[in-house]
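The chain contents come next:
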Amino acid sequence: STVASTAAFDKNPQSKERGITLDLGFSSFSVELPAHLKESKFTKLQYTLVDCPGHASLIKTIIGGAQIIDLMVLVIDVIKGVQTQTAECLVIGEIVCNRMLVVLNKVDLLAPEKRQSAVEKMKKRMHKTLENTKFAGCPIATVAANPGASPDDITHCKPEGIEELIKVLGQNTYIPNRSSDGTFLFSVDHCFSIRGQGTVMTGTVLSGKVSVNDTVEISNLQATKKVKSIQMFRKPTSSVKQGDRAGLCVTQFDPKLLERGLVCSPGTLPTLYAAIVRITKIAYYVGEVLTKSKFHVTIGHATVMARITIFAQDSSKNLQLTQRKFDFSVDYIFRNELSKCVITNNQVKNKSLKTVEKSLAPQWALLEFEKPVVCKPDSLAIGSRFDSDVNANKCRLAFKAEILEAITSKDYVSSVLPKLKVYKNKSREGTVERVHDEESVICRGLLKKETNVAMFTGLRVELSTGERGIIEGSFGLSGKVKIRVRDGLKPETISLLGGKGKKSKKKLAESSEIVSQPVKVNMQFLRYIYDPAKRMAQT
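Since this is a predicted model, take the numbers as computed values, not measurements. (Residues numbered from 1 in each chain as written. Predicted model: local features only at pLDDT ≥ 70, side-chain atom pairs only at ≥ 80, totals over all residues. Heavy atoms only, no water.)

Observations regarding the sheet that holds strand 6 (residues 140–142)
Quick reminder of the rule: Pairing between strands is defined by DSSP: at least two bridges between the two strands are required. A run of DSSP states H or I qualifies as a helix once it reaches four residues; a run of E qualifies as a strand once it reaches two. Both are numbered from the N-terminal end. Fitted lines through C-alpha atoms serve as axes, helices being fitted only where they are in contact, and the angles separating the N-to-C directions of these axes extend from 0 to 180 degrees.
Taken in spatial order, the 3 strands make up an open sheet running 4-5-6, and their pairing is parallel. One side of each edge strand has no neighbouring strand; the edge strands of this open sheet are strand 4 (72–77) and strand 6. Within this sheet the neighbouring strands show an average axis-to-axis angle of 25°, counted without direction. The pairing of strand 5 (residues 100–105) with strand 6 spans 3 bridges and is classified as parallel. Its bridge partner being in strand 6, Val 103 is matched across the sheet by Ala 141.

What follows is the structure, encoded as structure tokens:
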């Protein structure tokens, strides 16, 4: 890099001492336009580098930084190869980015006579690792960023292979779509004060544009401030738009109140207490994603705990999916566990990952946040288990989710959830105690003594002998119910039950006839889990 932003280098003492990155760093350099972009309207090409820390314990910082990039550069130690944090970075890249370049670093540590073969071997291994991802066949470059230095040596030698890396980067560069339309949204990653100037918030413009003297809102604090000045890599500018890396200077604001967060046009970002999402399990996560379990959910730079409830499309119904919109008018079936998406090699080769995912059976979830989250209504969320052992050599990223319905009501349990038609399949079984008359029987064991029978009155049941009936009401006070069989009982059923009347079984026993098996009563019904009245329904 030739230009470092004010947020480029860690202030953490450990970072300075060891020469490593513990926080997000930003820098830039400019080059001539690559040959395939010569016909564009631009004369120079500026690369802004987002340096994400590589250690597995800093994965939350990596997720926040990765969501603002156009092309991912995955740096791998050529000696160690793919490690746990490398795999997690690759998973994040698949979720948030469409293009990637792999860089094999520290090639100077390989013996000169074995260097070429070792590099080729590692390249083959990387291509094999990536063949089932969206990055299959991506370019691989080799460098020695600090040749000759030991792990504890922070002195810097002239790097090797950087010119070739920039060439490969240029060959894979594209002009991303940028627009100044829409509301202004700015992702802040550092905040600090400058004596005599004010407070500077550095970050990336996610949408829209902002100019000097515009009023912006610091969403987490619901505070509005006027933009005093703007800089892009130490150069003043009057405005910035989507994709620009900038520093916004405001006055009378304490930087200690904001480490990371969102700045926006006033009144444009909602506060979410819950969200309905379309959810997909990450293939490399070996654990279970269960309903009622809690996960760390990262949205932008914010990470909060959330409890999930999973539901899916009823396979018996043809649900028409609307892009990025949730349909409250249809029924969904409750799921205890998030199903894993199985993607074959042929699917990856013949389709893009997004196309493959769209062809899989959709699953949804309700995320209930322990703390409110300020974010865009259509944000991307990543669910993780950060409380698991960082040294366990297992992927901690469990699922990705697209927010389809932002729930902004604090009392959403009573105001929103009753509209969410998620049901559980239920069944109960009882036994016919005796025949009441030719069209009705008395059943025991179908309902408990304390059950409100009125809630089940009118529901359909089926006898093990084939007759179908409905629950007419309670019979006595012990939980028995009377079942009406509209088409009448079969003669063989009446015979099997010993005829009509209270003493029929006694008479049957006295005549030494044997009842081969009891007549069972089965009831199938649905219960909507968010229905305040807890009513039952049947299809």
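After that view, the rundown keeps rolling.
Quick look at the environment of Glu 164
Here is the rule: Here the term buried applies to any residue with accessible area under 20% of the maximum for its type, exposed to any over 50%, and partly exposed to those in between, with areas from a 1.4 Å probe on protein chains only.
Within the element layout of this structure, Glu 164 appears in helix 5 (residues 162–171). Overall, Glu 164 belongs to the partly exposed group, its relative accessible area being 46%. The sequence separation of Glu 164 and Thr 142 amounts to 22 residues, and the corresponding C-alpha distance is 8.4 Å.

Considering the packing of helix 2 (residues 59–66) against helix 3 (residues 84–96)
In plain terms, the rule: Put simply, angles under 35 degrees are roughly parallel, angles over 145 are roughly antiparallel, angles from 65 to 115 are roughly perpendicular, and the rest are oblique. Left-handed describes a crossing whose near helix is turned anticlockwise from the far helix through less than a right angle; right-handed describes the clockwise counterpart. Contact criterion: two residues are considered in contact whenever any of their non-hydrogen atoms come within 4.5 Å of each other.
Orientation of helix 2 relative to helix 3, taken along the N-to-C sense of each, is 25°, at an axis distance of 10 Å. With respect to helix 3, the element helix 2 is oriented roughly parallel. Classified by chirality, the crossing of helix 3 by helix 2 is right-handed. On helix 3, the residues that touch Ile 59, Ile 62, Ile 63 and Ala 66 of helix 2 are Glu 88, Cys 89, Ile 92 and Val 96.

Section: the sheet that holds strand 12 (residues 229–232)
On the basis of which strands lie adjacent, the open sheet formed by 8 strands has the order 11-10-16-7-8-15-12-13 and antiparallel pairing. Of all the strands in the sheet, the pair left with one neighbour each is strand 11 (223–226) and strand 13 (235–237). Shown here is a sheet whose adjacent strand axes are inclined to one another by a mean of 40°, direction ignored. In terms of strand pairing, strand 8 (residues 198–207) meets strand 15 (residues 245–250) through 6 bridges, oriented antiparallel. Considered in strand 15, the bridge of Met 201 is made with Leu 248.

A closer look at the packing of aromatic side chains
Counted only if it meets this: For Phe, Tyr and Trp, rings pair up if their centres lie within 6.5 Å, where Trp contributes its six-membered ring, and each pair is then called stacked (planes under 30 degrees apart), edge-to-face (over 60) or tilted (otherwise).
Applying the stated criterion across every chain, the model contains 11 aromatic pairs. With centroids separated by 6.4 Å and ring planes inclined at 75°, the aromatic side chains of Phe 326 and Trp 364 adopt a geometry described as edge-to-face. Here Trp 364 lies in strand 21 (residues 363–374) and Phe 326 lies in the loop between strand 19 (302–313) and strand 20 (332–335), a separation of 38 residues in the sequence. We note that Phe 326, like Trp 364, is buried.

Quick notes on the environment of Ile 470
As for its position among the elements, Ile 470 is in strand 27 (residues 468–474). When the C-alpha atoms of Ile 470 and Val 485 are compared, they prove to be 6.7 Å apart, with 15 residues separating the residues in sequence. Apart from the residues within four sequence positions on either side, Ile 470 is in contact with Gly 458, Leu 459, Arg 460, Val 461, Lys 482, Ile 483, Arg 484 and Arg 486.

Brief notes about the confidence of the model for the protein
In regions of low pLDDT, the predicted coordinates are not meant to be interpreted in detail. What counts, and what does not: On a scale of 0 to 100, pLDDT captures the predictor's confidence in every residue.
When pLDDT is averaged along the protein, the result is 85; 85% of the residues meet or exceed 70. When the criterion is pLDDT under 50, residues 343–359 qualifies, and its contacts beyond four places in sequence or with other chains add up to 16 contacts. In this model residues 507–515 is a low-confidence stretch, pLDDT under 50, and it forms 5 contacts with partners more than four residues away in sequence or in other chains.

Focus on the nonpolar core
For clarity, the cut-off: Definition of nonpolar core: a set of buried residues of the types Ala, Val, Leu, Ile, Met, Phe, Trp, Tyr and Cys, connected through side-chain atoms within 4.5 Å. Throughout the structure description, domain borders are defined by an automatic or database domain assignment.
By size, the foremost hydrophobic cluster in this structure holds 32 residues, and its most contacted members are Met 100, Val 102, Leu 104, Met 126 and Leu 397. Split by domain, this core shows at least three residues from each of two domains, domain 1 (3–172) and domain 3 (272–316 + 326–340 + 360–420). Not counting residues within four places of it along the chain, the set of residues in contact with Val 102 comprises Leu 74, Ile 76, Met 126, Leu 130, Cys 138, Pro 139, Ile 140 and Ala 141. Ala 275, Ile 279, Tyr 285 and Val 297 belong to the second largest nonpolar core, which has 24 residues in total.

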